[in-house]
Amino acid sequence: SRLANIEKDKNGHLYNRKSDFRVEYSILEELEHSMTVSRKTEKAKILQQLSKIQNNVKRLQQQLKDVKPTPEFVDKLKEMMEEVENAINAFKEEQRQIYEQLLKEEKTVINELSVFERKVEQWALGSSTTEKVLKLSSARVSVDKTPGNHLPAEVVEFERFLQRTGGRQGGWDDYDHQNFLKVRTKHKGRLSYVDEALEYLCGRTKEDIEQHDKWYQEFLILHERKKESIKKWKEKQRQEKEGNLKEKAEKMLKEAWLQREEAQKQKAAEERKRQQAAIEAWKKQKATAFAMEQASQLKLEEEKEKKQQKERQRQCHMKLLLERYTLQKKEKEELEKLEKEKREEAEKEERKRIAAEEITKFQER
């Protein structure tokens, strides 16, 4: 409902035939129509793919209801499962690529919108404020960095170049200049970067970018010359200072050498004392370790002897138990044998008695 109301308001404002901007908005109308058609086509394609996958899954489910334990049936199921899996993976991969492309387009649109927002903010400030800021900046550069006669010629030339061309950004604002540097660095200074730079530098033409590129190349050359001249000037100052302080440095070096020699002697004496103390400590440690090792060895031997004695006692006890068990077993066997003989004798007497009674009965019959 909200979407329908918003679209209704949009159509009323933008696509009204009585609107003064009807011609400009017609472009948006055509673009919206083409995108709507594309969206419906894509939706129908996705539904068709999903329907195909769904049918394959249903067919596989139908086969699983009537399972036959035969190799042919297993191969058929495997083939159907692979077909379903390949269809799903292909669908996911296609949607992933579409999604990545949409993300790239979204990022580009966001960058363009942020650029336009910054431009609108700058326009809102007014051109007079911008000119005032540029004049103040230029004045500050000229006052703070007025080339002196004591500076190298390359430094003077670089400072005059900055004053003449609008400072360290060539008259551009910081946002545009930083985007220019980012794209130029990405392409390593090749002219192919101009087309991509136009996407980030809204409001700038290709000629503006090429002119700014020429300014930047000259800026790099003059800046490098300035660095080299300052380096040479510092080297010259250093050499002059070294010449003036050479005698003083030699004197200080000699004193330092004497102090170092004395310190080395003290250090050698301390090192000898330290080594002697370390040797004594090592001897004590070795003696203590030897005594502890002897005590440990003696303790191990005592424990070993105790274990052996316990083992002998255990074996003797086991031997007595075994002999007692053997004797008891033998007595039990003899007792069982005697009982068995008595039982057999009793059974024999019983059988004789029963036989006699049977004979008597037979004779009576």
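Here the structure is a predicted model, which is why all the values come from computation and not from measurement. (Residues numbered from 1 in each chain as written. Predicted model: local features only at pLDDT ≥ 70, side-chain atom pairs only at ≥ 80, totals over all residues. Heavy atoms only, no water.)

**Q** Help me out: how do you make sense of the overall build of the protein chain in this one?
**A** A tally of helices and strands in the protein chain yields 9 helices and 0 strands. Reading the protein chain from its N terminus to its C terminus gives the helix and strand order α-α-α-α-α-α-α-α-α. For the protein chain, the proportion of its 365 residues judged to be buried stands at 13%. Put simply, 56% of the contacts in the protein chain that link residues at least 6 apart link residues at least 24 apart. Roughly 31,600 Å² of accessible area belongs to the protein chain as shown, and the carbon and sulfur atoms make up 55% of that amount. (Helix = DSSP H or I, 4+ residues; strand = E, 2+ residues; numbered from the N terminus. Buried < 20%, exposed > 50% of the residue type's maximum accessible area, 1.4 Å probe, protein only. Contact = heavy atoms within 4.5 Å. Areas by Shrake-Rupley, 256 points an atom, 1.4 Å probe, with all protein chains shown as cover.)

**Q** Quick question: what am I supposed to make of a negative patch on the surface here?
**A** The grouping of Glu72, Asp75, Glu79, Glu82 and Glu85 at the surface amounts to a negative patch. Considering the arrangement of structural elements, one finds Glu72 in helix α3 (residues 71–125). Glu72 sits in the exposed class, given a relative accessible area of 58%. (Patch = residues over 30% accessible without salt bridge, like charges linked within 9 Å, V, L, I, M, F, W, Y side chains within 5 Å. Salt bridge = Lys/Arg side-chain N within 4 Å of Asp/Glu carboxyl O. Lys, Arg positive; Asp, Glu negative; His and termini not counted. Charge placed at Lys NZ, Arg CZ, Asp CG, Glu CD.)

**Q** Is there a simple way to explain the packing of aromatic side chains in this structure?
**A** For any pair of aromatic rings, the description consists of the separation of the ring centres together with the inter-plane angle of the planes. Taken as a whole and assessed by the stated rule, the structure comprises 7 aromatic pairs. Measuring from centroid to centroid gives 6.2 Å for Phe161 and Trp215, while their planes differ by 15°, and the two rings are stacked. Of this pair, Phe161 sits in helix α5 (residues 153–165) while Trp215 is found in helix α8 (residues 206–244), placing the two residues 54 residues apart along the sequence. Grouping residues by exposure puts Phe161 and Trp215 together as buried. Look at Trp172 and Phe180: their rings are 6.0 Å apart centre to centre, the planes differ by 70°, and that puts the pair in the edge-to-face class. For the pair formed by Trp172 and Phe180, the shared burial category is buried. Here the aromatic residues Phe158, Phe161, Trp172, Phe180, Trp215, Tyr216 and Phe219 are joined through ring pairs into a cluster of three or more. (Phe/Tyr/Trp six-rings, centres within 6.5 Å; stacked < 30°, edge-to-face > 60°.)

**Q** So what exactly am I meant to see when it comes to the confidence of the model for the protein chain here?
**A** Low-pLDDT stretches of the model should not have their predicted coordinates read in fine detail. Looking at the protein chain, pLDDT values average 81 and 88% of them are 70 or higher. This stretch, residues 131–149, has a pLDDT under 50; its non-local contacts, to residues over four places away or in other chains, come to 12 contacts. (pLDDT = per-residue confidence, 0-100.)

**Q** Before we go on, may I ask you to explain the environment of Leu181 in this structure?
**A** Structurally, Leu181 can be placed in helix α6 (residues 174–186). Judged by its relative accessible area of 19%, Leu181 falls in the buried class. Here the alpha-carbon distance between Leu181 and Ala197, two residues 16 residues apart in the chain, equals 9.4 Å.

**Q** Just checking my understanding: could you explain α5 for this structure?
**A** Because each turn of an α-helix spans 3.6 residues, side chains separated by three or four positions end up pointing in the same direction. Taking 1.5 Å of rise per residue, 13 residues should cover 18 Å, and α5 covers 18 Å from first to last C-alpha, within 8% of that figure. Turning to α5, its buried residues number three or more, namely Val155, Val156, Phe158, Glu159, Phe161 and Leu162. A positive backbone phi angle near 100° is found at Gly166, which sits one or two residues after α5. (Expected span 1.5 Å × (residues − 1).)

**Q** Quick question: what am I supposed to make of the side chain of Lys226 here?
**A** Looking at where Lys226 falls in the secondary structure, it is placed in helix α8. Exposure remark for Lys226: the relative accessible area of 13% places this residue in the buried category. Here Lys226 is in contact with Glu154, Val155, Phe158, Glu159 and Arg168, once residues within four sequence places are set aside.

**Q** What is the right way to look at the pattern of salt bridges in this model?
**A** Opposite charge on two side chains lets them pair, provided their charged atoms get close. Under the criterion given, the structure shown has 12 salt bridges. Among the ionic pairs, Arg96 bridges to Glu100, the shortest N-O distance being 2.5 Å. Taken as a pair, Arg96 and Glu100 lie in helix α3 at a separation of 4 residues, close to a single helical turn. Using a relative accessible area of 38% as the deciding quantity, one classes Arg96 as partly exposed. You can call Glu100 partly exposed: its relative accessible area is 37%.

**Q** What should I look at first to understand the packing of α6 against α8 in this one?
**A** Between two packed helices, the angle of one axis relative to the other and the distance separating the axes together describe the packing. The N-to-C vectors of α6 and α8 enclose an angle of 80°; their axes lie 12 Å apart at closest approach. In terms of axis orientation, α6 runs roughly perpendicular to α8. Taken together, the residues of α8 that come into contact with α6 (itself represented by His177, Phe180, Leu181 and Arg184) are Ile209, His212, Asp213, Trp215, Tyr216, Gln217 and Leu220. Taken together, the residues that form the contact of α6 with α8 break down as 6 nonpolar, 3 polar and 2 charged. (Axes fitted to C-alpha atoms, helices over the stretch in contact; angles between N-to-C directions. Parallel < 35°, antiparallel > 145°, perpendicular 65-115°, else oblique. Nonpolar A, V, L, I, M, F, W, Y, C, P; charged D, E, K, R; others polar.)

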